[in-house]
Amino acid sequence: MTISTAPVAPAAVSGLSPYTGPWEKAQAAHLLRRCIMGPKPVEINDAVADGLDATLDKLFATPVVPAPPVNHFFPDDPYVAVGQTWVNSPRNPNVDVGPYRSNSLRGWYWNHLIDAPGTIMERLAMFWINHFGMSDVGEQRAQYQYIQLFREFGAGSYKEMIEKITVHPAMLRFLNGDYSNKWEPNENYARELLELFTIQKGPQIAPGDYTHYTEQDIKVAARILTGWRNRGMWSEEDIPVESYFFAEWHDDETDPNNPNQNIKQLSEKFGNAIIPNNDENEYKDLIAIIFDQPETARAMCREIYRFFVYYDITDAIEADVIEPLAQHMIDNDFSMESTLRLLFSSEHFYDMAVRGPIIKNPYEYMLSIARPLGGYTHLGLNLVGNENSPEIWTIYNIGRSYHWKGDSLNMDFLYPPTVAGWKAYYQTPNYYRNWISSSMLQERRRTVNSFTYGGLYTQTNDGDYDPRPFDWMGFMEALSNPADVNEVVQESIEIFLPRDLHPDQFDALKDQLLQGQEDGEWTIQWNNYLDSPFDPDTVNPLRNKIKDFYRSLFSMAEFHLQ
């Protein structure tokens, strides 16, 4: 099985007019695949019954932000007992608590991906993680803070998100803003604020002139951003991780009437705006000017489009989708929810041209198996509700196992490869194909084999590694008509694949269940199972057929797509 390229989607001619076509499982599943990493069958069925508008209401419901991670096993942290959270606790000079907190953060994050409610919260958090590309922050409490920020405010105002992240401890640490001062303004964040996080470059016109801003603007922005510091990072004192404004370090030389003062004036790209001194609120004045430029909304809408729809933005899509979407964003105070709801309600979003051409990233790939199959709730190993369980070590290690599988597939939410995020969302011409190579396909196949044979191997309290299987029989029982082999195959395609298969592919999949027998034999075997659900001689052969079937389905090229 190989994937050499993503399907080339023909240019769709539909725009942002409201979608008025059929609302069936195909459309509902498409919407959920783009909003939820691995929608469950019940979520798809509910979406069909609810209709488009009510489904969007559910997707954008006020997020239930997860409770903080805990010390899941480490007995030597003098400030944090096992089972208690560490997110507000200092370090200790004699004990290295970093490794256990890092593992705790990873396990916590992944468990909440598997057990996530059926909203857009986690997908939007991943969008922002990619957008800001923070890597190697190192301080687990700061990392926890920005993950929660993205989860809680991900659907809010894009402008407010930029304001929050500009002075966030993690970003100040990542791009050296916490040491930027009026004597030596650091340009790192100022450059990325313009180049990546907001208005973006555009074609270069001349040295230092990037269409939408200039090198002068970077230098001026760096001066405006001086004076912000961090405290509490890696601290052994009982103080929170937070940022604060240190006025003595801020460049406040802004008087245009004093020729001895070096005023802060942006270029003609921003109307030659002069930024007066405004102390700790001055960075907001800069951001307001950036967001007054229509190109800022356009740049964000292109990013939204590439993340949620498709990478190829043709001239027609620029005119018929990006431009009106950006104007809607401006008119609605840069609301991400309002912008996305317009996109997800549009004719364009349901065009067949954009259904199925995205190659899943590694997290989406694993979650599109784990979430539909129910995760590990059937084993009592879901994190929510088990925070004080004696199995907390095992639960967190399940999350850690997923994390390291993702790392082997070239994705780590704590370490995007560049400040621009993952190449799949910005690097032309390959875009999503950056997820795929011969070695990565083999790694994905190994992941499927692990999931569909014994299960995910996870370390337990006694140090052994035991498999954690999915509830295959429970999943089958929840299908609409598990006694009918054709309906089993068709419903599985609808749940896991973005489009219907060719009849030959359908038959090849069905044979994994029949293994050369007639259709009626499947019905007999299933009914025998219902009569004797605890008889291993009945259950085990049937379960093995089911796992073979899904192993084949998950190994198909189409399963890599959404």
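Rules used throughout
- Residues numbered from 1 in each chain as written.
- Predicted model: local features only at pLDDT ≥ 70, side-chain atom pairs only at ≥ 80, totals over all residues.
- Heavy atoms only, no water.
- Helix = DSSP H or I, 4+ residues; strand = E, 2+ residues; numbered from the N terminus.
- Rg over C-alpha atoms; globule rule 2.2 N^0.38 Å.
- Buried < 20%, exposed > 50% of the residue type's maximum accessible area, 1.4 Å probe, protein only.
- Contact = heavy atoms within 4.5 Å.
- Lys, Arg positive; Asp, Glu negative; His and termini not counted.
- Charge placed at Lys NZ, Arg CZ, Asp CG, Glu CD.
- Phe/Tyr/Trp six-rings, centres within 6.5 Å; stacked < 30°, edge-to-face > 60°.
- Lys NZ or Arg CZ within 6 Å of the ring centre and 35° of its normal.
- Pairing = 2+ DSSP bridges.
- Axes fitted to C-alpha atoms, helices over the stretch in contact; angles between N-to-C directions.
- Parallel < 35°, antiparallel > 145°, perpendicular 65-115°, else oblique.
- Left-handed = near helix turned anticlockwise from the far one by under 90°.
- Nonpolar A, V, L, I, M, F, W, Y, C, P; charged D, E, K, R; others polar.
- Patch = residues over 30% accessible without salt bridge, like charges linked within 9 Å, V, L, I, M, F, W, Y side chains within 5 Å.
- Areas by Shrake-Rupley, 256 points an atom, 1.4 Å probe, with all protein chains shown as cover.
- Salt bridge = Lys/Arg side-chain N within 4 Å of Asp/Glu carboxyl O.
- Expected span 1.5 Å × (residues − 1).
- Arc of directions from axis to C-beta.
- Polar contact = N/O pair within 3.5 Å; in protein donor to acceptor, adjacent residues only side chain to side chain.

> How do you make sense of the overall build of the protein chain when you look at a structure like this?
Assigned secondary structure in the protein chain consists of 22 helices and four strands. Taken over the C-alpha trace, the protein chain has a radius of gyration of 26 Å; the compact-globule value for 562 residues is 24 Å, and the two agree within 12%. C-alpha extents for the protein chain along the principal axes are approximately 90 × 65 × 40 Å. Here the protein chain holds 562 residues, and the buried ones make up 57% of them. Residue pairs in contact within the protein chain that sit at least 24 positions apart in sequence constitute 70% of those at least 6 positions apart. Each charge class in the protein chain was averaged separately, 45 positive and 78 negative side chains, and the resulting centres sit 3 Å apart.

> I would appreciate a short explanation of the packing of aromatic side chains in the present structure.
Between two aromatic rings, the relevant description is the distance of the centres plus the angle of the planes. If you walk through the whole model with that rule in mind, you get 52 aromatic pairs. When the ring of F349 is compared with that of Y350, the centres are 5.0 Å apart and the planes differ by 85°; the resulting orientation is edge-to-face. Judged by its relative accessible area of 0%, F349 falls in the buried class. Of the residues examined, Y350 reaches a relative accessible area of 5% and is grouped as buried. With a centroid separation of 4.7 Å and 75° between ring planes, the pair formed by F549 and Y550 is classed as edge-to-face. Each member of the pair, F549 together with Y550, is buried. One residue, K201, lies across the ring of Y210, its end atom 4.6 Å from the ring centre. Here the guanidinium or amino end of R444 rests over the ring plane of Y365, the centre of that ring lying 4.6 Å away.

> Any chance you could explain the pairing of strand β4 (residues 465–468) here in plain terms?
For a regular strand, side chains alternate in direction, first toward one face of the sheet and then toward the other. The pairing of strand β3 (residues 456–459) with β4 spans four bridges and is antiparallel. Bridge pairing in β4 places Q459 opposite Y465. Counting the residues that bridge the hairpin from β3 to β4 gives five residues, and of these G463 lies at a positive phi of roughly 95°.

> How should I be thinking about the packing of helix α1 (residues 25–35) against helix α3 (residues 52–59) in this particular structure?
If you want to describe how two helices pack, look at the angle between their axes and the distance between the axes. Running from N to C, α1 and α3 cross one another at 20°; their axes reach a closest spacing of 12 Å. Here α1 lies roughly parallel to α3, going by the angle between them. In the packing of α1 onto α3, the handedness of the crossing is right-handed. In this structure, α1 contributes L31, L32 and C35 to the contact, and α3 contributes L52, T55, L56 and L59.

> Would you mind going over the packing of helix α16 (residues 392–408) against helix α17 (residues 438–452) with me for this structure?
Where α16 meets α17, the axes come as close as 10 Å, and the angle between the chain directions of the two elements is 155°. Between α16 and α17, the interaxial angle falls into the category roughly antiparallel. Every residue of α17 that contacts α16 at Y402, K405 and S408 is listed here: M440, E443, T447, S450 and F451. Here the residues of the contact of α16 with α17 sort into three nonpolar, three polar and two charged.

> Would you mind showing me how to read unusual backbone geometry here?
Note: most peptide bonds trans; most residues except glycine with negative phi. Omega for the peptide link from T428 to P429 comes to 5°, which places this bond in the cis form. Secondary-structure assignment places P429 in the loop between α16 and α17. Located in the positive-phi region is Q200, a residue other than glycine, with phi close to 65°. Looking at the element boundaries, Q200 is found in the loop between α9 (188–197) and α10 (215–224). Residue class for Q200 comes out partly exposed when judged on its relative accessible area of 25%. The phi dihedral of N410 is positive, around 75°, even though this residue is not glycine. Within the element layout of this structure, N410 appears in the loop between α16 and α17.

> I keep staring at a negative patch on the surface and nothing clicks. Help me out?
A contiguous patch of negative charge, built from D252, E253, D279 and E280, is present on the exposed surface. Tracing the chain through its elements places D252 in the loop between β2 (242–245) and α11 (282–291).

> Please clarify how helix α20 (residues 503–514) should be interpreted in this entry.
Working note: α-helix, 3.6 residues per turn, so residues spaced by three or four point in the same direction. Its twelve residues give α20 an end-to-end C-alpha distance of 16 Å, which sits within 8% of 16 Å, the value for a rise of 1.5 Å per residue. The set of residues buried in α20 consists of F506, L509, K510, L513 and L514. In a view along the axis of α20, the buried residues occupy a sector of 145°, so they form one face of it. On its buried side, α20 packs onto α19 (485–496), α21 (519–531) and α22 (536–554). In the stretch just after α20, Q515 is the one whose phi turns positive, near 50°.

> Help me understand the environment of G232, please; the structure alone is not making it clear to me.
Among the structural elements, G232 can be located in the loop between β1 (228–231) and β2. A residue is classified by how much of its surface remains accessible, and G232, at 7% relative accessible area, is buried. For the pair formed by G232 and P90, sequence separation is 142 residues and the distance between their alpha carbons is 7.9 Å. Here G232 is in contact with E139, R141, I239, P240 and V241, once residues within four sequence places are set aside.

> Sorry, what's going on with the pattern of salt bridges here?
When their charged atoms lie close together, side chains carrying opposite charge are able to pair. A full pass over the atoms with the stated rule returns 24 salt bridges. For R298, the salt bridge is made with E323, and the minimal N-O distance between the two is 3.0 Å. Placement of the pair is R298 in helix α12 (residues 294–308) and E323 in helix α13 (residues 315–331), with a sequence separation of 25 residues. Assessed through its relative accessible area of 33%, E323 is described here as partly exposed.

> I tried to follow the side chain of T119 on my own but got confused; where do I start?
Mapped onto the elements of the fold, T119 is located in the loop between α4 (98–114) and α5 (121–132). Polar side-chain contacts of T119 include one of 3.2 Å to the backbone nitrogen of M121. Sequence-distant contacts of T119, that is, excluding residues within four places in its chain, are made with C35, I36, K58 and L59.

> Sorry, what's going on with α5 here?
With twelve residues, α5 extends 17 Å from end C-alpha to end C-alpha; this agrees with the ideal 16 Å at 1.5 Å per step. Of all twelve residues in α5, twelve are buried; the element is thus mostly enclosed. Here α5 has its buried residues at M121, E122, R123, L124, A125, M126, F127, W128, I129, N130, H131 and F132. Immediately downstream of α5, the backbone of G133 shows phi near 55°, a positive value.

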